[in-house]
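Here is what each chain is made of, one letter per residue.
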Amino acid sequence: MAVNLKGKSLLTLKDFTKEEIEYLLDLASDLKQKKRMGIIGQQLKGKNVALIFEKPSTRTRCAFTVACVDEGGHPEYLGKNDIQLGYKESVEDTARVLGRLFDGIEFRGFSQDHVNKLAKYSGVPVFNGLTDDYHPTQILADLLTIKEQFGKLKGLKFTYIGDGRNNMANSLMIGCSKIGLDFTLVAPKELWPNNDLINECEGFSLDSGSKIVITEDIDKVKGSHVIYTDVWCSMGEEEQAADRISLLKPYQVNKELVLKTEKDDTICMHCLPAVKGNEITEDVFEKHSKVIFDEAENRMHTIKAVMVAMI
Ligand code: CP
Ligand code: NVA
């Protein structure tokens, strides 16, 4: 059956089938090629998209803005001091107002409940641009980047190392298990993902034929095609920095760790922004910077695909 995502929201990739994710990746790749050839579309002409940001952003904000303008649409940035979401006006009422005026809403903030409510009450597609729990648009860019590097996704070994219970670890586990990448998470036990989510992803991986391994053992990076890391302190967790650094120091992506893959075509990825010297050393970052910045660019092409497909 043909994939049709019109009117759907992207709150977490849990709500998407393997075929729908593949469709978005193919569409993103096509839009990327067209942009390279100077072919600009009009698929969002006459459409207005609200961009709500409670937390700061470089990539996500710019990707939504450029993607929307490229396709003839109008993005409207609403920063944390511009609206009174959830404190002077309820999320439900803000959603109903924005839904009357806009054709789509992006939300970046703390609460997954807020983005879910925006989708429920606005009546227009809502895109999760990062919450404490999930960062689904980032995963689409990551999957596209891996596909560009290896020509396929299924059967590759993907290893995430570092803070194993943050929005990136959660979303990568969902994305990999949905699409059929073998997913290994290497982190101290205190920072493992929550058991309900692991169980849910194990269900996805049964369907896609992939495998999930959660371990404290850094030697388990052996055989990885991809090593992925993220900051040790996510936005809003700054006061935990000292504890996290001492807990995660053995899980740094450095030359020695990459050697443990015993492979010479392993790529290292990072959603950015990076804290070099913490989760990744400067030399490893620079060695893999081509892929890391392809990944950053792919935020725009994949977000464009999401808006074109769903609005
Ligand atoms: N990767 C990512 O979401 O970057 P920003 O925080 O700059 O949007
Ligand atoms: N885990 C990070 C991701 C940034 C894109 C954070 O939430 O700050």
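Definitions and cut-offs
Residues numbered from 1 in each chain as written. Chains lettered and ligands numbered in written order. Predicted model: local features only at pLDDT ≥ 70, side-chain atom pairs only at ≥ 80, totals over all residues. Heavy atoms only, no water. Disulfide = S-S within 2.5 Å. Near = heavy atom within 4 Å. Polar contact = N/O pair within 3.5 Å; in protein donor to acceptor, adjacent residues only side chain to side chain. Areas by Shrake-Rupley, 256 points an atom, 1.4 Å probe, with all protein chains shown as cover. Nonpolar A, V, L, I, M, F, W, Y, C, P; charged D, E, K, R; others polar. Buried < 20%, exposed > 50% of the residue type's maximum accessible area, 1.4 Å probe, protein only. Helix = DSSP H or I, 4+ residues; strand = E, 2+ residues; numbered from the N terminus. Arc of directions from axis to C-beta. Contact = heavy atoms within 4.5 Å. Core = buried A, V, L, I, M, F, W, Y, C linked by side-chain atoms within 4.5 Å.

S.K.: Is there a simple way to think about the state of the cysteines in this case?
M.R.: What makes a disulfide is a covalent bond joining the sulfur atoms belonging to two cysteines. Summed over the entire model, instances satisfying the criterion amount to zero disulfides. Unpaired in terms of disulfides, C271 finds its nearest cysteine sulfur in C176, a separation of 13 Å.

S.K.: What am I meant to see in the site of ligand 2 here?
M.R.: Inspection of the region around ligand 2 gives L130, H135, N166, N167, D230, V231, S234, M235 and L272 as its neighbouring residues. The contact in question runs from a nitrogen atom of ligand 2 to an N or O atom on the side chain of D230, over 2.6 Å. S234 has a polar side-chain atom sitting 2.7 Å from a nitrogen atom of ligand 2. A total of 270 Å² of accessible area belongs to ligand 2 in isolation, and the protein chains cover 95% of it. Here the shell around ligand 2 is built from residues that sort into four nonpolar, four polar and one charged.

S.K.: What is the right way to look at the site of ligand 1 in this model?
M.R.: All residues in the neighbourhood of ligand 1 are listed as S57, T58, R59, T60, R108, H135, Q138, C271, L272 and R299. At 2.7 Å, a side-chain N or O of T60 approaches an oxygen atom of ligand 1. A distance of 2.8 Å separates an oxygen atom of ligand 1 from a polar side-chain atom of R108. Coverage of ligand 1 by the protein amounts to 96% of the 260 Å² it exposes when considered alone. Partitioning the shell around ligand 1 into residue classes produces two nonpolar, five polar and three charged.

S.K.: Just checking my understanding: could you explain helix α3 (residues 91-101) for this structure?
M.R.: Within an α-helix, residues lying three or four positions from one another point in the same direction, as the helix has 3.6 residues per turn. For α3, every residue scored as buried is listed here: V91, T94, A95, L98 and G99. Projected down its long axis, α3 shows its buried positions confined to an angular sector of 130 degrees, all on one face. Opposite its buried face, α3 presents the exposed residues R100 and L101, each directed more than 90 degrees away. Looking at the buried side of α3, the elements it contacts are β1 (48-53), β2 (74-79), β3 (104-108) and α4 (112-122).

S.K.: Any chance you could explain the nonpolar core here in plain terms?
M.R.: Proteins that are soluble and globular tend to have nonpolar side chains buried together. Formed by 60 residues in total, the largest nonpolar core has its most connected members in F158, Y160, L181, F183, M307 and M310. The greatest single-element share of this core, amounting to nine residues, is contributed by helix α11 (residues 289-310). For M310, the contacting residues outside a window of four places in its chain are L5, K6, G7, K8, S9, L10, F16, L24, P125 and F127.

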